[in-house]
Amino acid sequence: MKNTNEIQNRMFADLENPAIFEKAQQYGRKYLDEIFDRNVYPTEDALQDLNNFDEPLPTSSSDAINVLNLLQRFGSPATVATIGSRYFGFVSGSAVPAGLAAKTLATYWDQAPAMHVLSPIGSKLETVVEKWLKNLFNLPDRTVAGFVSGTSTANFCGIAAGRYRLLQRLGWNINDQGMFNAPKLRIVTGKHAHSTVLKAISLLGFGKSNIEWVAVDDQGRIDPTQLPSLDERTILILQAGNVNSGSFDDFNRICKIAKDAKAWVHIDGAFGLWAAAVSKLKHLTNGMEFANSWAVDGHKTLNTPYDCGVILCEDQEAIKSALHMSGSYIVTSEQRDGMFYTPEMSRRARIIDLWATMKYLGKTGIDEMILGMHQRAVQFATEIKKITGFKVLNHVVFNQVIICCENDVLTEKVMRKIQEMRECWAGGSVWQDHKVIRISVCSWATTPKDISRSVQSFEKALVECQ
Ligand SMILES: *Cc1c(COP(=O)(O)O)cnc(C)c1O
């Protein structure tokens with residue numbers, strides 16, 4: 001059949017050409033085969049080669065295989081091996097193979113689970129995983145979930161739901177009446193709140209300078225004795241997993257106070273909420289079920305592919321109202337329409353990777369995998385402490401280890417050296433006014449051997465810097 005134009009003919013030909021998709025699979029396969037042995041961070045040459053992408057938009061179409069080849073040749077070497085076993089920067093998960101494979105299949109489906117009518121499979125899996133998460137985290141049965149790009153967005157959604165509900169109780173409809181002249185709400189959070197919480201507060205019109213900051217203890221946990229008195233105008237934001245120390249706020253104690261005061265409690269649990277799914281670690285999250293909304297990532301501790309975050313909220317009406325949209329062409333149904341729980345209308349069906357990862361691991365697999373990350377972190381701390389010149393500054397309660405050398409200058413220098421060596425990758429942070437190197441064990445693939453090898457790299461770097 002001859003078609004309307006040349007580009008359409010070419011694309012039909014591309015679709016029929018098995019070589020194009022096979023190439024993509026083959027390159028991907030090769031990437032995975034080499035992931036544990038390659039340099040964790042791109043070499044200087046690889047970074048230089050990125051300049052090959054600098055060109056104006058091509059005037060005419062090109063060969064699909066050439067497009068892939070360009071990515072393989074100059075893109076692949078400039079990737080950071082976060083999917084490997086010795087990347088300890090930020091809090092970056094790897095990807096469970098079953099989830100990665102499911103994502104590959106779902107790539108071909110290219111579903112948009114905004115509405116049930118647009119993607120029945122997406123809608124079904126969102127319904128199923130919502131139930132799974134609720135049970136796994138022991139949250140109230142009325143809890144609903146929205147599947148978003150990450151915890152940045154999930155924090156935004158949870159705080160937006162709180163804003164809607166508290167103002168509604170005060171007789172103010174935020175959607176119709178807006179923020180100007182609204183009854184004043186209070187934002188209370190710990191001094192170590194994550195930057196994305198602050199971003200959400202700005203985006204939602206509260207203003208960062210209006211935050212009532214609560215002092216934290218030496219592990220970064222909110223000091224409950226320092227809480228200001230809370231009331232029905234307060235949104236309180238707590239943390240499961242301090243981004244530096246991995247510590248958890250005392251939910252039992254704080255949520256009870258907040259509940260009695262009728263405040264809204266949101267928990268930023270990007271990576272830490274998963275402790276609730278680990279029998280030996282769940283004590284860290286005791287009392288979290290008394291909050292109103294929870295933000296958590298799949299792409300960190302659970303090791304789903306990026307981007308995968310979840311907002312959980314026990315107040316369905318609040319979250320749906322906060323994120324509400326309508327239009328004459330919108331077809332809602334008795335079934336789940338995912339867009340009512342997210343800021344976006346169209347989004348990718350990240351639920352497929354999340355479902356596949358959870359289906360594959362099961363409860364015991366999740367428990368074992370995450371406990372393993374904790375054990376590797378403890379191992380890292382134990383081994384690094386034995387080397388004169390390194391100090392561990394936090395209690396390793398979860399997967400984070402904070403390390404420093406004798407002084408800030410040396411710490412910085414050693415960190416740069418470790419990064420240059422590319423045997424592993426760890427980033428820096430500031431902890432109690434000191435520069436630190438931060439280790440986050442967040443990959444299913446990290447073995448005790450990887451830890452020892454990385455500690456050796458730390459030791460070598462220190463020797464070279466002294
Ligand atoms: C990573 C992180 C976030 C942000 O999550 P994204 O998925 O990157 O948007 C928020 N809070 C904490 C504690 C985090 O570790």
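Residues numbered from 1 in each chain as written. Predicted model: local features only at pLDDT ≥ 70, side-chain atom pairs only at ≥ 80, totals over all residues. Heavy atoms only, no water.

Colleague: I'd like a description of the packing of helix α5 (residues 97–109) against helix α12 (residues 351–385), backed by residues and values.
Modeller: Where α5 meets α12, the axes come as close as 8 Å, and the angle between the chain directions of the two elements is 150 degrees. Classified by the interaxial angle, the pair formed by α5 and α12 is roughly antiparallel. Two packed elements cross with a definite hand, and for α5 against α12 that hand is right-handed. For the pair formed by α5 and α12, the contact residues are A98, G99, A102, K103, A106 and W109 on the first element and I352, D353, A356, T357 and Y360 on the second. Among the residues forming the contact of α5 with α12, the class breakdown is seven nonpolar, two polar and two charged. (Axes fitted to C-alpha atoms, helices over the stretch in contact; angles between N-to-C directions. Helix = DSSP H or I, 4+ residues; strand = E, 2+ residues; numbered from the N terminus. Parallel < 35°, antiparallel > 145°, perpendicular 65-115°, else oblique. Left-handed = near helix turned anticlockwise from the far one by under 90°. Contact = heavy atoms within 4.5 Å. Nonpolar A, V, L, I, M, F, W, Y, C, P; charged D, E, K, R; others polar.)

Colleague: Let's hear about the site of the ligand: which residues, and what values?
Modeller: Near the ligand you find 13 residues, and of these S152, D268, D297, H299 and K300 are the closest. At 2.6 Å, a side-chain N or O of D297 approaches an oxygen atom of the ligand. Within the side chain of H299, one N or O atom sits 2.8 Å away from an oxygen atom of the ligand. Contact with the protein chains hides 86% of the accessible area of the ligand, taken as 380 Å² for the molecule alone. A majority-of-atoms criterion places the ligand in the second largest pocket. A per-class count over the shell around the ligand returns three nonpolar, seven polar and three charged. (Near = heavy atom within 4 Å. Polar contact = N/O pair within 3.5 Å; in protein donor to acceptor, adjacent residues only side chain to side chain. Areas by Shrake-Rupley, 256 points an atom, 1.4 Å probe, with all protein chains shown as cover. 1 Å grid on protein atoms, 1.4 Å probe; cavity = no way out; pocket = protein on both sides within 12 Å on 5 of 7 lines; lining within 4 Å. Sits in = over half its atoms within 2 Å of the grid points.)

Colleague: Describe helix α10 (residues 251–260), naming the residues involved and giving the relevant values.
Modeller: Turn by turn, an α-helix covers 3.6 residues, leaving residues three or four places apart pointing in a common direction. Those residues of α10 not exposed but buried are F251, I254, C255 and A258. The arc that holds the buried residues of α10, viewed along the axis, is 95 degrees, so those residues lie on one side. Turned more than 90 degrees away from the buried face of α10, the exposed residues are K256 and D260. Those residues of α10 hidden inside the fold are in contact with β4 (234–239) and β5 (264–268). Two residues or fewer after α10 comes K262, characterised by a positive phi angle close to 65 degrees. (Buried < 20%, exposed > 50% of the residue type's maximum accessible area, 1.4 Å probe, protein only. Arc of directions from axis to C-beta.)

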